[in-house]
Amino acid sequence: MIEQEWAIVLARIQFAFTVSFHFLFPAFSIGLASYLAVLEGLWLKTGKGVYANLYRYWLKIFAVVFAMGVVSGIVMSYQFGTNWSVFSDKAGPIIGPLMAYEVLTAFFLEAGFLGVMLFGINKVGRKLHFVATLAVAVGTFISAFWILSVNSWMQTPVGYEIGANGQFLPGDSWWTIVFNPSFPYRLVHTLLAAYLTTAFIVGAVGAWHLLKDRANEGARKMFSMAMWMAVVVAPLQIVAGDFHGLNTLEHQPAKVMAIEGHYQSHPDGAPLILFGIPNSAEQRVDYAVQIPKASSLILKHDPDAPLAGLDTIPEADRPPVGIVFWAFRIMVGIGFAMLGIGLWSLFARWRGRLYDWPLLHRFAVVMGPSGLIAVLAGWVVTEVGRQPFTVYGLLRTAESASPLDAPAVAASLAAFVVVYFAVFGMGIWYLLHLMKKPPQAHEPALEDAPIRTAGITPAPAVLEGEPA
């Protein structure tokens, strides 16, 4: 019994490890694909070379990010069968078709146009190449659409029937399943997070090169575009997060209780706990710094509105409070820091110092990975807050795992850790190497694709004067 519990814990750690690595790359590539489409569109409209040079600069980075995202995603998906076979069996009739739709739509679209986008800039017309870039950008959106639909259904399952064998079967309409109650909110929240992630990476690279050369036209343009994105999208993300939180309160109240640190119910208005140390053993938050009745004001728009606490949830159905509590605060804290940088850049732009304020540039460099940290923290809130269920309220995590021995799971986890840090560590190092290079006035395109068919070895060249 103890070994089986450890096997489940290790399987959860393994999936968390692989999905965390994987999620970093789509969170960047979704926004970067759209940024590339904007750059190429501006180049076609204005004819300014700076946009073409920035397109070529970021296209190389996109190629590496996209490749690592695909590879890490394939590895992650195999765990549904190896470590979570019971979940795959029970939820497969719903999860399987939705993930297949992602392959049939997004993956095929991306695969069909990615080669043209990467290697066709000097081989096809400008408008056709722009269509290829748009297709890849749309493909990343469609991919996010289906994957988030799957995950949202696990959070707010609707439109299903329970078969005689215990499987979740589709009911009368697939659209009810696809557009489940939490999906629209999570789709908007995640896409905005991806755009902010890209904006702050682009802004950090631009700021880095501005610190070395304030006259670099490419660095100035990318920094300016990134800061405009921060000014516009950060406030939208805060509003979207508020709507998402209200939806979560309606459908997953225990998750919100853990986020807020509300162990006890508050009949006359709940405080907003800014910081503290959750103490699940004593059912309280130690050293709490709180604002009276502010939580009720945010969640119910009434400072005196009652809010239920975890004391209304059976202990076996409560999520781990500490992890959810702190992950949420990391995410929100980064979000407001992004807004602060955006407003600072707006002030600098007004003062005419956007490109010659070193302190702003240094802060922008520091904030470069902030979007990646925020999306990981948000993912932790979402997934850990759903516990102890894989399909919320219907299928427990402990009942979803494969009947594996703990040593077997531990061995595969150790292998994943070694391989991931080696392979993806090198990939991340190469990305940083590409970003370290300043954008050039005549940025070279990607090297041409191989012109011979794969698997066919060309004949050796005949040297001059040698008999043929």
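Refer to the structure above for everything that follows.
In this text, all values refer to a predicted model and were calculated from it rather than measured experimentally.

Visitor: Before we go on, may I ask you to explain the overall build of the protein in this structure?
Guide: Across its full length, the protein carries 13 helices and 6 strands. For the protein, the C-alpha radius of gyration of 25 Å lies close to 23 Å, the compact-globule estimate for 468 residues. Projecting the C-alpha coordinates of the protein onto the three principal axes gives extents of approximately 90 × 60 × 45 Å. Counting across all 468 residues of the protein, residues that qualify as buried make up 47%. Carbon and sulfur atoms make up 68% of the accessible area of the protein, which amounts to about 22,600 Å² in all. Positive and negative charge centroids in the protein, built from 29 and 30 side chains respectively, lie 14 Å apart.

Visitor: Whenever I open this one, the packing of aromatic side chains confuses me. Can you help?
Guide: Any two aromatic rings considered together are summarised by their centre-to-centre distance and by the angle between their planes. Applying the stated criterion across every chain yields a total of 31 aromatic pairs. Each ring, one from Phe21 and one from Phe424, has its centre 5.9 Å from the other, and the planes form 40°; the classification is tilted. In this pair, Phe21 sits in helix α1 (residues 2-46) while Phe424 sits in helix α13 (residues 406-436), placing the two residues 403 residues apart along the sequence. With a relative accessible area of 4%, Phe424 lands in the buried category. Note on Trp153 and Tyr160: the rings are 6.3 Å apart at their centroids and 90° apart in plane angle, and the pair reads as edge-to-face. Note on Tyr160: relative accessible area 27%, which makes it partly exposed. One aromatic cluster is present, formed by Phe17, Phe21, Phe25, Phe416, Tyr420, Phe421 and Phe424 through successive ring pairs. Sitting over the face of the ring of Trp357, Arg353 holds its NZ or CZ atom 4.5 Å from the ring centroid.

Visitor: I keep staring at the nonpolar core and nothing clicks. Help me out?
Guide: The nonpolar side chains of a soluble globular protein tend to be buried with one another. Counting 66 residues, the largest nonpolar core has Tyr35, Trp58, Ile61 and Phe62 as the members making the most contacts within it. Here this core takes 14 residues from helix α2 (residues 49-82), the largest share from any one element. Leu10, Ile94, Met154 and Ala194 belong to the second largest nonpolar core, which has 38 residues in total.

Visitor: Which parts of the structure should I look at to understand the side chain of Ser182?
Guide: Checked against the element boundaries, Ser182 lands in the loop between α5 (174-178) and α6 (183-212). By relative accessible area, which is 2% here, Ser182 ends up buried. Side-chain polar atoms of Ser182 contact the side chain of Thr156, separated by 2.9 Å. The residues contacting Ser182, other than those within four sequence positions of it, are Ser152, Gln155, Thr156 and Asn247.

Visitor: Whenever I open this one, helix α11 (residues 358-366) confuses me. Can you help?
Guide: The α-helix advances 3.6 residues per turn, and as a result positions three or four apart in sequence lie on the same side. If you check which residues of α11 are buried, you get Leu360, His361 and Ala364. For α11, the buried positions fall inside an angular range of 100° around the axis, keeping them on one side. Residues Arg362 and Val366 are exposed on α11 and point more than 90 degrees away from its buried face. Residues of α11 that are buried in the fold lie against α6, α7 (217-251) and α10 (321-350).

Visitor: Would you mind going over the pairing of strand β3 (residues 272-279) with me for this structure?
Guide: Remark: a regular strand shows side chains that alternate across the two faces of the sheet. Here β3 pairs with strand β4 (residues 284-291) via 6 bridges, running antiparallel. Of the residues in β4, the one forming a bridge with Pro278 is Val285. A loop of 4 residues connects β3 with β4, the two strands running antiparallel in sequence, and Gln283 in this loop sits at a positive phi of about 60°.

Visitor: Mind showing me how you'd approach the pattern of salt bridges here?
Guide: Pairs can form between side chains of opposite charge once their charged atoms are near each other. In total, this model carries 5 salt bridges according to the counting rule given. When the shortest N-O distance is used, the salt bridge between Arg284 and Asp286 registers 2.6 Å. Judged by relative accessible area, Arg284 falls into the partly exposed class, the value being 42%. The closest approach of N and O atoms between Glu383 and Arg386, which form a salt bridge, is 3.0 Å. Separated by 3 residues within a single helix, Glu383 and Arg386 lie in helix α12 (residues 370-386), roughly one turn from each other. Across this residue pair, the class does not change: Glu383 and Arg386 are buried.

Visitor: What is the right way to read the environment of Ser402 from this model?
Guide: With respect to the helices, strands and loops of the structure, Ser402 is situated in the loop between β6 (395-396) and α13. The sequence separation of Ser402 and Pro303 amounts to 99 residues, and the corresponding C-alpha distance is 47 Å. Within the local environment of Ser402, its side chain forms a polar contact with the backbone nitrogen of Trp84, the two atoms lying 3.2 Å apart.

Visitor: Quick question: what am I supposed to make of a nonpolar patch on the surface here?
Guide: Judged by side-chain polarity, Tyr101, Val103, Leu104, Phe107 and Phe108 come together as a nonpolar surface patch covering roughly 460 Å² of accessible area. In this structure, Val103 sits in helix α3 (residues 85-119). We classify Val103 as partly exposed; its relative accessible area is 36%.

Visitor: Help me understand unusual backbone geometry, please; the structure alone is not making it clear to me.
Guide: In most cases, non-glycine residues show a negative phi, while peptide bonds are predominantly trans. A cis amide bond, omega 10°, links Gln387 with the succeeding residue Pro388. On the secondary structure map, Pro388 appears in the loop between α12 and β5 (389-391). Phi is positive for Tyr287, close to 55°, though the residue is something other than glycine. Of note, Tyr287 is situated in strand β4. With a relative accessible area of 70%, Tyr287 lands in the exposed category. For Lys293, which is not glycine, the phi torsion reads 65° and is therefore positive.

Analysis parameters
- Per chain, residue numbering runs from 1 following the sequence as it is written.
- Residue-level local features of this predicted model are given only where pLDDT is at least 70; pairs of side-chain atoms are given and counted only at 80 or more, and the full residue set underlies all totals for whole chains, interfaces and linings.
- Derived side-chain values reflect all non-hydrogen atoms in the structure, with water molecules and hydrogen atoms excluded from consideration.
- Starting at the N terminus, helices and strands are each numbered in turn, a helix being any DSSP run of H or I of at least four residues and a strand any DSSP run of E of at least two.
- With the radius of gyration taken over C-alpha atoms, the globule rule is written as 2.2 Å times the number of residues to the power 0.38.
- Partly exposed describes any residue whose relative accessible area lies between the buried limit of under 20% and the exposed limit of over 50%, with all areas from a 1.4 Å probe on protein chains only and scaled to the type maximum.
- Using a 1.4 Å probe, the Shrake-Rupley method yields the accessible areas, and only the shown protein chains count as cover for residues.
- Think of it this way: Lys and Arg go in the positive column, Asp and Glu in the negative one, and His and the chain ends go nowhere.
- Each charge is placed at NZ for Lys, CZ for Arg, CG for Asp and CD for Glu.
- Ring pairs shown here join Phe, Tyr and Trp side chains whose ring centres sit within 6.5 Å, with only the six-membered ring taken for Trp; geometry is labelled stacked below 30 degrees between planes, edge-to-face above 60, and tilted in between.
- Here, a charge over a ring means that NZ of Lys or CZ of Arg falls within 6 Å of the ring centre while also lying within 35 degrees of the ring normal.
- Only buried residues count toward a nonpolar core. Its members are Ala, Val, Leu, Ile, Met, Phe, Trp, Tyr and Cys residues joined through side-chain atoms within 4.5 Å.
- Residues adjacent in sequence count toward polar contacts only when both atoms are side-chain atoms; beyond that, a polar contact is any pair of N or O atoms within 3.5 Å, and within protein one must be able to donate a hydrogen and the other to accept it.
- Two residues qualify as a contact provided that any one of their heavy atoms is within 4.5 Å of a heavy atom in the partner residue.
- Our arc is simply the arc of the directions from the helix axis toward the C-beta atoms.
- Criterion used throughout: strands pair if DSSP finds at least two bridges between them.
- The term salt bridge refers to a side-chain nitrogen of Lys or Arg lying within 4 Å of a carboxyl oxygen of Asp or Glu.
- Two joining distances apply to patches: 9 Å for like charges and 5 Å for nonpolar side chains (Val, Leu, Ile, Met, Phe, Trp, Tyr), and every residue must have over 30% relative accessible area and no salt bridge.

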